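In case you want the letters, here they are:
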Amino acid sequence: NSLSFERPLARLVAGCGDRAMRVWDLNTGTRLHLLHGHTDDINAHQFDANTLASAAADGVIRVWDMRSGVCRHVLQHSAMLHAFQFDGDRLVSGTWDGRMCLWDLRKGNCVKEWYTHNERVWAVVMDRYHVVSAGMDRSICVRSFLPDEAQRPHVPGGSSGTAGREGGWLTESSGSSSSMSLEDA
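Residues numbered from 1 in each chain as written. Predicted model: local features only at pLDDT ≥ 70, side-chain atom pairs only at ≥ 80, totals over all residues. Heavy atoms only, no water.

Engineer: A description of the sheet that holds strand E3 (residues 21-25) should follow, citing residues and the corresponding values.
Structural biologist: The strand order across the open sheet built from four strands is E1-E2-E3-E4, with neighbouring strands paired in antiparallel fashion. If you trace the sheet from one side to the other, it starts and ends with strand E1 (2-6) and strand E4 (31-35), each paired once. Between one strand axis and the next, the sheet turns by 10° as a mean value, whatever way the strands run. In this structure, E3 lies alongside E4, joined through four bridges in antiparallel fashion. In the strand pairing of E4, Trp 24 is matched with Arg 31. (Pairing = 2+ DSSP bridges. Helix = DSSP H or I, 4+ residues; strand = E, 2+ residues; numbered from the N terminus. Axes fitted to C-alpha atoms, helices over the stretch in contact; angles between N-to-C directions.)

Engineer: Can you lay out the confidence of the model for the protein chain for me, pointing to particular residues and giving the numbers?
Structural biologist: Counting all residues, the mean pLDDT for the protein chain is 81, and 79% of those residues have values of 70 or more. Counting contacts from residues 149-175, a segment whose pLDDT is below 50, to residues more than four positions away or on other chains yields 46 contacts. (pLDDT = per-residue confidence, 0-100. Contact = heavy atoms within 4.5 Å.)

Engineer: Talk me through the pairing of strand E5 (residues 42-47); I want residue IDs and the actual numbers.
Structural biologist: Pairing analysis gives five bridges linking E5 to strand E6 (residues 51-56), with the strands arranged antiparallel. Following the sheet pairing, Gln 46 is matched in E6 by Ala 53. Hairpin connection between E5 and E6: a loop of three residues separates the two successive antiparallel strands.

Engineer: Give me the packing of aromatic side chains: which residues, what numbers.
Structural biologist: A complete count under the given rule lists zero aromatic pairs for this structure. Looking at Arg 120, its charged tip hangs above the ring of Trp 96, at a distance of 3.5 Å from the centre. (Phe/Tyr/Trp six-rings, centres within 6.5 Å; stacked < 30°, edge-to-face > 60°. Lys NZ or Arg CZ within 6 Å of the ring centre and 35° of its normal.)

Engineer: Summarise the pattern of salt bridges; cite the residues concerned and give the values.
Structural biologist: Applying the stated criterion to the full structure yields nine salt bridges. Asp 87 serves as the salt-bridge partner of Arg 90, at 3.0 Å between the closest nitrogen and oxygen. Its relative accessible area of 6% is what places Arg 90 among the buried residues. Asp 97 is the partner of Arg 99 in a salt bridge, and the nearest nitrogen-oxygen pair spans 2.7 Å. Judged by relative accessible area, which is 27%, Asp 97 ranks as partly exposed. Beyond isolated ion pairs, a larger network of salt bridges with shared partners links Arg 19, Asp 40 and Asp 41. (Salt bridge = Lys/Arg side-chain N within 4 Å of Asp/Glu carboxyl O. Buried < 20%, exposed > 50% of the residue type's maximum accessible area, 1.4 Å probe, protein only.)

Engineer: Tell me about the nonpolar core, and name the residues and values.
Structural biologist: Membership of the largest hydrophobic core comes to 13 residues, with the highest contact counts inside it found for Ala 53, Ala 55, Ile 61, Leu 75, Phe 84, Leu 91 and Leu 105. The greatest single-element share of this core, amounting to three residues, is contributed by strand E9 (residues 81-87). Not counting residues up to four positions away in its chain, the partners in contact with Ala 55 are His 38, Asp 41, Ile 42, Asn 43, Ala 44, Val 60, Ile 61, Leu 81 and Phe 84. (Core = buried A, V, L, I, M, F, W, Y, C linked by side-chain atoms within 4.5 Å.)

Shown next, in the form of structure tokens:
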């Protein structure tokens, strides 16, 4: 089960024991949506003004339209999952077999898949150019989608530029990945 609210959006969202997602308007107390489709326990969700993504123990993430309540995509994984994050048209997910998937939410397909951990992926976060995952194997993995150092434009002030996006998408140029043990931290 999962529960969250967003005061600026005036929404309360719950993933319930009956495997349904519920969305309420906090200003009126009115239930806006009762969303059916999951066939196993819901263990995580995230939402914004337009999109709700919910994950179940059977390895399925459902992506819902928050305005209409219609399920836009069903993202199927071959292993159970607990961790995901979306940002606009991208969603990254981590499974219990250590695999990460980068999804295109416009089309509903996996555009990149890689293994990062020997055990479950427990948490994921992403920004425009990186995916960071933490696993039950006590490691943190940072996946960079920036071009090689030599290809990065120099920006006055010492920071690297923001090259490496194609058509508004995260693309992998160098494929660099690094990890560290939590015991090293």
